[in-house]
Amino acid sequence: MALDLFKRAESHKGLFAVEKITLIYNLLTSILILFLYQKMDHPGQMLLDRVLIAGMTVLLMYLYRLAPCKFSAFVRVAIQMSLLSYWYPDTFEFNRVFPNLDHLFASAEQWLFGGQPAVWFSLRFPQMWVSEPLNMGYFFYYPMILLVTVWYFLFRFDLFEKVSFVLVTSFFIYYLIYIFVPVAGPQFYFPAIGYDNVAQGIFPSIGDYFNHNQELLPGPGYEHGFFYNLVEGSQQVGERPTAAFPSSHVGVSTILMIMAWRGSRRLFACLLPFYLLLCCATVYIQAHYLIDAIAGFVTAIILYVVVTRMFKRWFARPMFV
């Protein structure tokens, strides 16, 4: 296996599909920055970041020609996927200039369910035996992405580029939605309006409140739990009042489960408990409204079909000849 990973092979010159879609997203958001330049907090730095990312992508393509093999191909794809940690909070820099829409989603939740399921769920089950498994499932989101992509890299390399393209493109589509549909989710919105209003079913519009306020209060659950603190720590560092609708945690993990099912029934079975816990956790920790989670599941199926067809039509070609 090790020899196969580093075995030199003749490869197609040019960008991988995942790099092409990253550059397209880079260009689209750069144009948007120019339109919103006067309203944004640090547009010059954001444009510079994009130039650096584009330059790094092209440089990696040329460096790859020195040693084209499976491992160096994996490095190129892994770098693009790791950049998702940059692109995610970047959505907040756009949507913070638009009026917040949480009042509409919280009101819809109230109308549909007669209350707020995110509040009911966490208040009804504060126990450690509920909180810890759910937080474990939520924390398993990124390991799940890693496991599925590495499995395809090791065992179905012929589909590795397609898998990475579908995942990254799905993320970018979600990110574009987050830019133009600024919803922060209960964990940001409820503290902003006060829990008395939530209890009474009153959900006022808060305009551009999150443009200047980004405080994230501790989530519900067993506060002394190991996984509780892992999730809290990661959220305090990387979370922003953005990306609530639809839930990309539910959406991307659903796409991962489809990929796991198509690749290995054993892999699917191993991931299934974590997937179910993750989907429930998005509402339990109040990161999302229930309608966000439902929309995440529905959009995942649509995105998987559409993005897969995009790849087959415009980007499909083997990494190696």
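See above for the structure.
Definitions and cut-offs
- Residues numbered from 1 in each chain as written.
- Predicted model: local features only at pLDDT ≥ 70, side-chain atom pairs only at ≥ 80, totals over all residues.
- Heavy atoms only, no water.
- Salt bridge = Lys/Arg side-chain N within 4 Å of Asp/Glu carboxyl O.
- Helix = DSSP H or I, 4+ residues; strand = E, 2+ residues; numbered from the N terminus.
- Buried < 20%, exposed > 50% of the residue type's maximum accessible area, 1.4 Å probe, protein only.
- Polar contact = N/O pair within 3.5 Å; in protein donor to acceptor, adjacent residues only side chain to side chain.
- Contact = heavy atoms within 4.5 Å.
- Phe/Tyr/Trp six-rings, centres within 6.5 Å; stacked < 30°, edge-to-face > 60°.
- Lys NZ or Arg CZ within 6 Å of the ring centre and 35° of its normal.
- Expected span 1.5 Å × (residues − 1).
- Arc of directions from axis to C-beta.
- Axes fitted to C-alpha atoms, helices over the stretch in contact; angles between N-to-C directions.
- Parallel < 35°, antiparallel > 145°, perpendicular 65-115°, else oblique.
- Left-handed = near helix turned anticlockwise from the far one by under 90°.
- Nonpolar A, V, L, I, M, F, W, Y, C, P; charged D, E, K, R; others polar.

Peer 1: I keep staring at the pattern of salt bridges and nothing clicks. Help me out?
Peer 2: Two side chains of opposite charge can pair, provided their charged atoms sit close to one another. Applying the stated criterion to the full structure yields 4 salt bridges. Taking the shortest distance from any N to any O, the salt bridge between R76 and E19 comes out at 2.4 Å. Of this pair, R76 sits in helix α4 (residues 70-82) while E19 sits in helix α2 (residues 17-35), and the two are 57 residues apart along the sequence. Among the salt bridges present, the one from E93 reaches R96, with a minimum N-O distance of 2.9 Å. A single burial state applies to E93 and to R96, both of which are buried.

Peer 1: How should the side chain of N211 be read in this particular structure?
Peer 2: You can see N211 is positioned in the loop between α12 (195-200) and α13 (226-238). Residue classification places N211 among the buried residues on the basis of a relative accessible area of 18%. Polar contacts involving the side chain of N211 include one to the side chain of R96, which spans 2.8 Å.

Peer 1: Just to check I follow, could you spell out the side chain of E93 for this structure?
Peer 2: Note on placement: E93 falls in helix α5 (residues 84-95). Those residues in contact with E93, other than ones at most four positions away along the chain, are M40, D41, H42 and M46.

Peer 1: How should I be thinking about the environment of A73 in this particular structure?
Peer 2: By the secondary structure assignment, A73 is in helix α4. When the C-alpha atoms of A73 and P117 are compared, they prove to be 44 Å apart, with 44 residues separating the residues in sequence.

Peer 1: I tried to follow the packing of aromatic side chains on my own but got confused; where do I start?
Peer 2: For any two aromatic rings, the description comes down to two numbers: the centre-to-centre distance and the angle of the planes. Per the counting criterion, the structure on display carries 33 aromatic pairs. With a centroid separation of 4.7 Å and an interplanar angle of 45°, the aromatic rings of F74 and F153 are classed as tilted. Here F153 lies in helix α9 (residues 141-155) and F74 lies in helix α4, a separation of 79 residues in the sequence. Of the two residues, F74 and F153, neither departs from the other in class, the shared state being buried. Each member of the aromatic cluster is reached from another via a ring pair, and the members are Y25, Y86, W87, Y88, F171, F172, Y174, Y175 and Y178. The ring centre of Y64 lies 4.6 Å from the NZ or CZ of R76, which sits over that ring. R124 extends its terminal NZ or CZ atom over the ring of F125, reaching a point 5.0 Å from the ring centre.

Peer 1: Mind showing me how you'd approach α13 here?
Peer 2: Side chains three or four residues apart in an α-helix point the same way, a direct result of the helix having 3.6 residues per turn. When the terminal C-alpha atoms of α13 are compared, their 19 Å separation across 13 residues agrees well with the 18 Å that a helix rising 1.5 Å per residue should span. All of the buried residues along α13 are Y228, V231, E232 and Q235. The arc enclosing the buried residues of α13, seen along the axis, measures out at 100°, which places them on a common side. In this structure, α13 carries F226 and V237 as exposed residues pointing more than 90 degrees from its buried face. Residues of α13 that are buried make contact with α8 (128-139) and α11 (186-193).

Peer 1: I would appreciate a short explanation of unusual backbone geometry in the present structure.
Peer 2: Outside of glycine, negative phi angles account for most residues, and trans bonds account for most peptide bonds. At the junction of F245 and P246, the peptide bond is cis and its omega measures out at -15° in the coordinates. Topologically, P246 is positioned in the loop between α13 and α14 (248-263). A positive phi is found at A243, a non-glycine position, where the angle reads about 65°. Relative to the helices and strands, A243 resides in the loop between α13 and α14. Judged by relative accessible area, A243 falls into the buried class, the value being 7%. Despite not being glycine, Q286 has its phi angle at roughly 65°, a positive value. Along the chain, the position of Q286 falls in the loop between α15 (265-284) and α16 (290-315).

Peer 1: Explain the packing of α9 against α14 to me, please; I cannot follow it from the model alone.
Peer 2: Any two packed helices are characterised by the angle at which their axes cross and by the distance between the axes. It is at 10 Å that the axes of α9 and α14 come closest, and there the two elements cross at 30°. Classified by the angle between their axes, α9 and α14 sit roughly parallel to one another. Crossing geometry of α9 relative to α14 is assigned as left-handed. The residues of α14 that touch α9, namely those facing Y141, M144, I145, V148, W151 and Y152, are S248, H249, V252, S253, L256, M259, R262 and G263. Counted by class, the contact of α9 with α14 contains 9 nonpolar, 4 polar and 1 charged residues.

Peer 1: What is the right way to look at the packing of α2 against helix α3 (residues 43-64) in this model?
Peer 2: Relative to each other, α2 and α3 sit at 160°, their axes nearing to 10 Å. One way to sum up the angle between α2 and α3 is to call them roughly antiparallel. Once α2 is placed against α3, the crossing between them reads as left-handed. From α2, E19, L23, N26, T29, S30, I33 and L34 reach across to α3, where they touch P43, M46, L47, R50, I53, A54 and T57. Of the residues in the contact of α2 with α3, the class split is 8 nonpolar, 4 polar and 2 charged.

Purely spatial values, then, with no claim about function.
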